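Breakdown of the fold
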Amino acid sequence: MAKILCVLYPDPEKGYPPHYARDSIPVIEGYANGQTAPTPKGPLGFLPGELIGCVSGELGLRSYLEKLGHELIVTSDKDGPNSEFEKHLPDAEIVISQPFWPAYLTPERIAKAKKLKLALTAGIGSDHVDLAAAAKAGVTVAEVTGSNSISVAEHVVMMVLSLVRNYLPSHEIAVRGGWDIADCVSRSYDLEGMHFGTIAAGRIGLAVLRRLKPFGVKLHYTDPYRLKPDVEQELGLTYHENAESLIKAVDIVNLQMPLYPSTEHFIDDRMLGLMRRGTYLINTARAKLVDRDAIVRALQSGQLAGYAGDVWFPQPAPADHPWRTMPFNGMTPHISGTSLSAQTRYAAGTLEILESYFDGTPIREEYLIVKAGSLAGTGASSYKLT
Ligand code: NDP
């Protein structure tokens, strides 16, 4: 019998389940790169479109795991030495966590987790796990690659438009009963004709480029792996050998690479100084890719015209985090990858990975980040241990 320790965000303030706005969600069977959406043997322990990413939703896993005789612990109490998470960690064989409410698996915690075999990210982005320590301890790390890529890409497009067109401050004026058109439009521009660049054009970065193409934007990217010539041609892409070259050439910068030790604080005062005055910066990748206070300084000085994203450090962010109140920000809590649509896919993918684990069959290669002591699958192409 295995203990599965699952960390999820708390239930809605008004109780669970919520009143749903819609009765169904579209069925998505596959992704742009040909990968199929999750295919668990099932049955799923939830209805597609239900809120299952919070504690009471349990990712719909309880009946599957309990039928096999396993113990499922679900909690949102994840931080500090007296947390439920720390209490159960020494006996846990599997830890499931989501980037939105991450259970940080530090080297110290991995050292305490003597029985841990699998760290499973219900979503994408496993930087809350110290990958080098997991590899050293022989822990497999897997995530549900592709499950919420389009969810995030849509969020990026929304944030680009809302910053450039000054949507959020204008909405606030409308809500307050005002009609101050000059105030609304003093910072409002058209996106058409602007230069947009993404640092990393993996699953999400490429999906963002595709979605912005119809806006008449000039598209740029940099990535260690150059896209195929037909894709560059179809989207009219300008490739840059490095991020420095890209950020000097564009009006809007999108960060979409994974966080690992050498990408931490990738955007600092120096990089911000290389950008055009009035650049917009979007970050739905990870907060630690940027220097927190350098972003605040750049917004205050006008070097950045706006900053939007949904990723913070730590998560949840403290009430006095400066990004909550800095000027010209379009921040949300970490939500882009956990729409009800995304939850359906990543919960199904979590079940698929658990089925492989308990059946003793291989976990899909594209879901693997770390296996047998080193980076594997998607982890081998997208992450570094240093
Ligand atoms: P992918 O693995 O598909 O793409 C990552 C890309 O980053 C790859 O093309 C990789 O290049 C590239 N890359 C790696 N290092 C660098 C670097 N130093 N400079 C430029 N490019 C680099 O991942 P996704 O697109 O699915 O996700 C990207 C990130 O977005 C995740 O790691 C996660 O942090 C974040 N995310 C956030 C979510 C949210 O809810 N806000 C949800 C999902 C993901 P190559 O492979 O060519 O070497």
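Residues numbered from 1 in each chain as written. Predicted model: local features only at pLDDT ≥ 70, side-chain atom pairs only at ≥ 80, totals over all residues. Heavy atoms only, no water.

Per an unreviewed UniProt entry, the protein chain goes by Formate dehydrogenase and derives from Acidisoma silvae. The annotation that UniProt attaches to the protein chain under Function (unreviewed entry) is "Catalyzes the NAD(+)-dependent oxidation of formate to carbon dioxide. Formate oxidation is the final step in the methanol oxidation pathway in methylotrophic microorganisms. Has a role in the detoxification of exogenous formate in non-methylotrophic organisms." Taken verbatim from the UniProt record of the protein chain, the Catalytic activity (unreviewed entry) comment is "formate + NAD(+) = CO2 + NADH". (UniProt positions renumbered as here; feature names shortened; annotations may be inferred.)

Counting 58 residues, the largest nonpolar core has Leu 59, Ile 96 and Leu 105 as its most contacted members. If we skip the residues at most four places from it in the chain, Leu 105 touches Phe 85, Leu 89, Val 95, Ile 110, Leu 116, Ala 119, His 128, Val 129 and Asp 130. Judged by nonpolar contacts, the second largest core, of 32 residues, contains Ile 247, Val 253, Leu 281 and Met 331. (Core = buried A, V, L, I, M, F, W, Y, C linked by side-chain atoms within 4.5 Å. Buried < 20%, exposed > 50% of the residue type's maximum accessible area, 1.4 Å probe, protein only. Contact = heavy atoms within 4.5 Å.)

Note: predicted coordinates in regions of low pLDDT should not be interpreted at a detailed level. Of the residues in the protein chain, 100% reach a pLDDT of 70 or more, and the chain-wide mean stands at 98. Confidence, read as mean pLDDT per element, is least for helix α14 (residues 377-382) in the protein chain (95) and greatest for strand β10 (residues 279-283) (99). (pLDDT = per-residue confidence, 0-100. Helix = DSSP H or I, 4+ residues; strand = E, 2+ residues; numbered from the N terminus.)

The next thing to look at is the sheet that holds strand β3 (residues 94-97). By definition, the strands of a sheet pair up through backbone hydrogen bonds, in either a parallel or an antiparallel sense. Within the open sheet, the seven strands sit side by side as β2-β1-β3-β4-β5-β12-β13. Their pairing is mixed. With one partner strand each, in any of the chains shown, β2 (71-75) and β13 (374-375) form the two edges of the open sheet. Here strand β1 (residues 3-7) runs beside β3; their pairing, made up of four bridges, is parallel. Looking at the pairing, Cys 6 lines up with Ile 96 of β3. (Pairing = 2+ DSSP bridges.)

Here we take up the sheet that holds strand β6 (residues 195-199). On the basis of which strands lie adjacent, the open sheet formed by six strands has the order β8-β7-β6-β9-β10-β11 and parallel pairing. In the strand order of this sheet, the two ends are held by β8 (238-239) and β11 (304-309), each with one partner. Here two bridges tie strand β7 (residues 218-222) to β8, and the two strands are oriented parallel to one another. Residue pairing for β8: His 220 is matched across the bridge by Thr 238. With respect to the sheet, helix α8 (residues 203-212) is in contact with β6, β7 and β9 (252-255), its orientation differing from that of β6 by roughly 165 degrees. Set on the sheet, helix α12 (residues 292-301) makes contact with β10 and β11; between it and β11 the angle comes to about 140 degrees. (Axes fitted to C-alpha atoms, helices over the stretch in contact; angles between N-to-C directions.)

Moving on: the packing of aromatic side chains. Counted according to the given criterion, the structure contains seven aromatic pairs. A centroid spacing of 5.8 Å and a plane angle of 65 degrees characterise the contact between Tyr 104 and Phe 313, whose relative ring orientation is edge-to-face. Of the two residues, Tyr 104 sits in the loop between β3 and α3 (107-112) while Phe 313 sits in the loop between β11 and α13 (340-359), which places them 209 residues apart along the sequence. Its relative accessible area of 19% is what places Tyr 104 among the buried residues. (Phe/Tyr/Trp six-rings, centres within 6.5 Å; stacked < 30°, edge-to-face > 60°.)

Burial analysis of β11 places six of its six residues in the buried class, the great majority of the element. Alignment of β10 against β11, held across five bridges, turns out to be parallel. The residue bridging Leu 281 from the neighbouring strand is Tyr 307, located in β11. In this region the chain leaves β10, passes through α12 and returns to the parallel neighbour β11; the handedness of that crossover is right-handed. (Right-handed = clockwise from strand over helix to strand, strands pointing away.)

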